[in-house]
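Here is what each chain is made of, one letter per residue.
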2 protein chains.
Amino acid sequence: MASALQNELKKRGPFDSVQQEATLAMMRSSDLLENRLARLLREYSLTLSQYNVLRILRGEGKPLPCLEVADRMIQVAPAITRVVDQLLALKLITKTQSANDRRVFEIELTASADRLLKALDKPILDLHASLLSNVSKADLKTLIRILEAVRAGIRE
Amino acid sequence: MASALQNELKKRGPFDSVQQEATLAMMRSSDLLENRLARLLREYSLTLSQYNVLRILRGEGKPLPCLEVADRMIQVAPAITRVVDQLLALKLITKTQSANDRRVFEIELTASADRLLKALDKPILDLHASLLSNVSKADLKTLIRILEAVRAGIRE
DNA sequence: TGGAGATAATCTACATGTAAACTAATTGCA
DNA sequence: TGCAATTAGTTTACATGTAGATTATCTCCA
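What counts as what
Positions within a chain are numbered from 1, following the residues in the order the chain's sequence is written. Chain A is the first chain written and ligand 1 is the first ligand written, with later ones labelled in order. In keeping with the model being predicted, local features are shown solely for residues with a pLDDT of at least 70 and side-chain atom pairs are shown and tallied solely at 80 or more, while totals for entire chains, interfaces and linings include all residues. Neither water nor hydrogens contribute to the side-chain values; these are computed over all heavy atoms in the structure. Any two strands with at least two DSSP bridges between them are considered paired. Note on conventions: DSSP H or I runs of at least 4 residues are helices, E runs of at least 2 residues are strands, and numbering of each starts at the N terminus. Every residue pair with non-hydrogen atoms within 4.5 Å of one another is taken to be in contact. Think of each axis as a best-fit line through the C-alpha atoms, taken over the contacting stretch in the case of a helix, with angles from 0 to 180 degrees between the N-to-C directions. By convention in this text, a residue qualifies as near a molecule or strand provided that one of its non-hydrogen atoms is within 4 Å of it. Any pair of nitrogen or oxygen atoms within 3.5 Å is treated as a polar contact; in protein, a donor-acceptor pairing is required on top of that, and neighbouring residues in sequence qualify only through side-chain atoms on both sides. Three categories are distinguished: nonpolar for Ala, Val, Leu, Ile, Met, Phe, Trp, Tyr, Cys and Pro, charged for Asp, Glu, Lys and Arg, and polar for the others, with Gly belonging to the last. Note that the term roughly parallel is reserved for angles under 35 degrees, roughly antiparallel for angles over 145, roughly perpendicular for angles of 65 to 115, and oblique for everything else. Using a 1.4 Å probe, buried area is obtained as the accessible area two parts lose upon being combined, added over both of them. Salt bridges, as used here, are contacts in which a Lys or Arg side-chain nitrogen is within 4 Å of a carboxyl oxygen on Asp or Glu.

A. Spatial organisation of the sheet that holds strand 1 (residues 64–65) of chain A. All names here are of chain A. In space, the three strands of this open sheet follow the order 1-3-2, with antiparallel pairing throughout. At either end of the open sheet lies a strand with only one pairing partner, and these are strand 1 and strand 2 (93–97). Two elements, strand 2 and strand 3 (residues 105–109), share five bridges in a ladder whose sense is antiparallel. Residue pairing for strand 3: threonine 96 is matched across the bridge by glutamate 106. This element, helix 3 (residues 48–60), spans strand 1, strand 2 and strand 3 of the sheet and lies at about 90° to strand 3.

Here it is in structure tokens:
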């Protein structure tokens, strides 16, 4: 015999929950944002992955090993290898074998990448601002805080 | 001459903003959640896309045209065509040409899909609950509310 | 010192997502 | 009526993400 609660849930499918709704909301919102960002970057012949690698390297301000970059992108090693190859071909990074540990290859931005990133700053900033223009700063800070808790919980 | 504000921003790279931080937070959180869900679904030989199609069809409770399903997934038409083909091969859906409009193909769950979804309900519910277990219900509701505003703003 | 296990990165294979061009069918309107 | 524009869906081509196996190097410790 179905409970009243179960009957109520049936309206939105069995076993629905606020956790499920939140997860779907995050995935849908993120997809939309990714699409918009990718569309802007395409005008500069960059993919989102490529841009992220460049952004991380600039954020760090010094050369980084490949897998260090992968970690910060929640990406898997083979994907980084490919992106690094692409960026090398575009002469946006250099890759040098570390003297200390010859397994490690360190990645560094070229001057050309610095210029490209500089040219991208304003358009990217504007896009971010415009995409989230109808969300208050206070809400954005709340959002960031809650999402931090989400990620902390996922990684155990 | 650099302003005090610019100097301050330099700490985290030029032109950083709360909007940018929020966007990155959403994308990273969503990626983590997607990975976990995909991992669970793989045990049932389903991809996240396939599961989403099934879930949407069950939620609707009646047959839906292909592109109607695509809309709700923020997916592009060709991707749906492929997923539909896969689900057809797995005998989890049926596809019938509409009599009213012969351009339209309506998709419907099979009894086998109903059983599969039923078997998945509990594990999926548990996973969602566990992934977000350290976020309070109140925060989840706030999260959902803010994300709705985010999406409303993106679609104009 | 030397071998087992760990680590950085790559290679291969495959599934998925997106864009662009295309087909078939419908609608609107002149 | 009939043709232009629109819409549903497919096909093709290509870029990206993930898994699993592999290579090269390093670390630890018996």
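B. Fine view of the protein's contact with DNA strand D. Near DNA strand D, the surroundings consist of 24 residues, among which Thr47(A), Arg82(A), Leu67(B), Thr81(B) and Lys95(B) are the closest. Near the protein, within 4 Å, the atoms of DNA strand D are sugar or phosphate in 68% of cases. A distance of 3.3 Å separates a phosphate oxygen of DNA strand D from a polar atom in the backbone of Cys66(B). Elements represented by at least two residues in the surface near DNA strand D include exactly helix 5 (77–89) of chain A together with helix 2 (18–42), helix 4 (66–73) and helix 5 (77–89) of chain B. Looking at the surface near DNA strand D element by element, the count peaks at four residues for helix 5 of chain A. Residue classes in the surface near DNA strand D are distributed as 10 nonpolar, seven polar and seven charged.

C. Examining the protein's contact with DNA strand C more closely. As a structural note, the neighbourhood of DNA strand C is formed by 22 residues, with Leu67(A), Thr81(A), Lys95(A), Thr47(B) and Arg82(B) the closest of them. Considering the 4 Å shell around the protein, atoms of DNA strand C inside it are sugar or phosphate in 66% of instances. Within the side chain of Thr47(B), a nitrogen or oxygen atom sits 3.0 Å from a phosphate oxygen of DNA strand C. When residues in the surface near DNA strand C are grouped by element, the largest group, four residues, is from helix 5 of chain B.

D. Just the environment of Ala22(A), in detail. By the secondary structure assignment, Ala22(A) is in helix 2 (residues 18–42). Filtering out sequence-adjacent residues up to four positions away, Ala22(A) remains in contact with Leu132(B), Leu140(B), Leu143(B), Ile144(B) and Leu147(B).

E. The arrangement of the packing of helix 2 of chain A against helix 6 (residues 111–131) of chain B in detail. One can describe the packing of helix 2 of chain A onto helix 6 of chain B by two numbers: an axis separation of 8 Å at closest approach and a directional angle of 75°. Put simply, helix 2 of chain A runs roughly perpendicular to helix 6 of chain B. Residues Gln19(A), Gln20(A) and Thr23(A) of helix 2 of chain A pack against Ile124(B), Leu125(B), His128(B) and Ala129(B) of helix 6 of chain B. A class-by-class count of the residues in the contact of helix 2 of chain A with helix 6 of chain B yields three nonpolar, four polar and no charged.

F. How the structure looks around the interface of chain A and chain B. On the chain B side, the residues contacting the 58 residues of chain A number 58 residues. Of the roughly 5800 Å² buried at the junction of chain A and chain B (both faces included), carbon and sulfur atoms supply 70%. A per-residue breakdown of the area chain A buries against chain B is headed by Arg28(A), Ile74(A) and Ile154(A), which together make up 11% of the total. Here chain A is connected to chain B by two salt bridges. Residues Arg145(B) and Asp139(A) are paired through a salt bridge, measuring 3.2 Å at the closest nitrogen-oxygen approach. Put simply, chain A and chain B have 11 residue pairs in polar contact (both at pLDDT 80 or more) between them. Of all elements in the fold, only helix 2, helix 3, helix 4 (66–73), helix 6 (111–131) and helix 7 (137–154) of chain A reach the threshold of two or more residues within the side of chain A that touches chain B.

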